[in-house]
Amino acid sequence: QVQLVESGGGLVQAGGSLRLSCAASGRTFSTRGMGWCRQAPGKEREFVAAISWSGGRTYYADSVKGRFTISGDNARSTVYLQMNSLKPEDTAVYYCAARLWGETIEALTTTAKYNYWGQGTQVTVSS
């Protein structure tokens, strides 16, 4: 089992920045990658960013590319999401997720393929 706890959400004005953190515990050595997904009211959960522990490769949704940066520590215990130039459309609950098997692009960029999830943290961007 892997437990994930997010923090760092809040209210920010458009153009501002936030940094989300995700603390992982349990069998973190068994994870192959971690990611961030978000869900806005009335919308499906969507992929935002992911990091592969093998080689540190990172992947981003087109909507956040150039504005968000995902990073993690070598112990696979913490993953961060630095969010800059925030827009009102970034408003959502942001979830941290971990994947156990496989670290292909498809595996890490498909919401349904993650094995563990945190409870989420609210990010609200005002215009």
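Analysis parameters
- Residues numbered from 1 in each chain as written.
- Predicted model: local features only at pLDDT ≥ 70, side-chain atom pairs only at ≥ 80, totals over all residues.
- Heavy atoms only, no water.
- Core = buried A, V, L, I, M, F, W, Y, C linked by side-chain atoms within 4.5 Å.
- Buried < 20%, exposed > 50% of the residue type's maximum accessible area, 1.4 Å probe, protein only.
- Helix = DSSP H or I, 4+ residues; strand = E, 2+ residues; numbered from the N terminus.
- Contact = heavy atoms within 4.5 Å.
- Pairing = 2+ DSSP bridges.
- Phe/Tyr/Trp six-rings, centres within 6.5 Å; stacked < 30°, edge-to-face > 60°.
- Disulfide = S-S within 2.5 Å.

A.B. asks: Would you take a moment to explain the nonpolar core for this structure?
C.D. replies: Note on soluble globular proteins: their nonpolar side chains tend to be buried together. Ranked by internal contacts, the top residues of the largest apolar core, which has 36 residues, are Leu4, Met34, Trp36, Leu81, Met83 and Tyr94. Sorting the residues of this core by element identifies β1 (2-7), β3 (18-26), β4 (33-39), β5 (46-52), β7 (68-72), β8 (78-83), β9 (92-99) and β11 (121-126) as the ones contributing at least two each. Those residues in contact with Leu81 that sit more than four places away from it in its chain are Leu18, Arg19, Leu20, Trp36, Val48, Ala49, Phe68, Thr69, Ile70 and Tyr94.

A.B. asks: Looking at this structure, I do not really get the pairing of β8. What am I missing?
C.D. replies: Put simply, side chains in a regular strand alternate between the two faces of the sheet. Across six bridges, the pairing between β3 and β8 is antiparallel. Each residue of the ladder has a partner; that of Leu20, found in β8, is Leu81. Strand direction decides the pairing type here: β7 and β8, joined by five bridges, are antiparallel. Within β8, the position partnered with Gly72 by the bridge is Val79. Linking β7 back to β8 in an antiparallel pair, the connection comprises five residues, with Arg76 at a positive phi of about 60 degrees.

A.B. asks: Would you mind showing me how to read the packing of aromatic side chains here?
C.D. replies: Describing an aromatic ring pair means giving the distance of the ring centres and the angle of the ring planes. One pass over the full model with this rule turns up two aromatic pairs. Relative to Trp117, the ring of Tyr95 has its centre 6.4 Å away and its plane inclined at 85 degrees; by these criteria the two rings are edge-to-face. Of this pair, Tyr95 sits in strand β9 while Trp117 sits in strand β10 (residues 116-117), and the two are 22 residues apart along the sequence. Residue classification places Trp117 among the partly exposed positions, given a relative accessible area of 28%. On the numbers, 5.9 Å between centres and 65 degrees between planes, the contact of Tyr114 with Trp117 is edge-to-face. The exposure class of Tyr114 is buried, given its relative accessible area of 6%. Each residue in the set Tyr95, Tyr114 and Trp117 is aromatic and connected to the rest through ring pairs, giving one cluster.

A.B. asks: Mind showing me how you'd approach the environment of Cys22 here?
C.D. replies: Looking at where Cys22 falls in the secondary structure, it is placed in strand β3. For Cys22 and Trp53, which are 31 residues apart along the polypeptide, the C-alpha to C-alpha distance reads 15 Å. If we ignore the near neighbours within four places in the chain, the residues touching Cys22 are Leu4, Val5, Glu6, Met34, Trp36, Ser77, Thr78, Val79 and Cys96.

A.B. asks: What is the right way to look at the state of the cysteines in this model?
C.D. replies: Such a bond, covalent and formed between the sulfur atoms of two cysteines, is termed a disulfide. Summed over all chains, the structure comprises one disulfide. At a sulfur-sulfur separation of 2.1 Å, the disulfide partner of Cys22 is Cys96. Between Cys22 and Cys96 the sulfur-sulfur dihedral comes to about -80 degrees; the bridge is accordingly left-handed. Placement of the pair is Cys22 in strand β3 and Cys96 in strand β9, with a sequence separation of 74 residues. On the basis of relative accessibility, which here comes to 0%, the residue Cys96 falls in the buried class. The thiol of Cys37 is unpaired, and the distance to the nearest cysteine sulfur, on Cys96, comes to 9.2 Å. With a relative accessible area of 0%, Cys37 lands in the buried category.

None of the figures reported here should be taken as evidence of function without further support.
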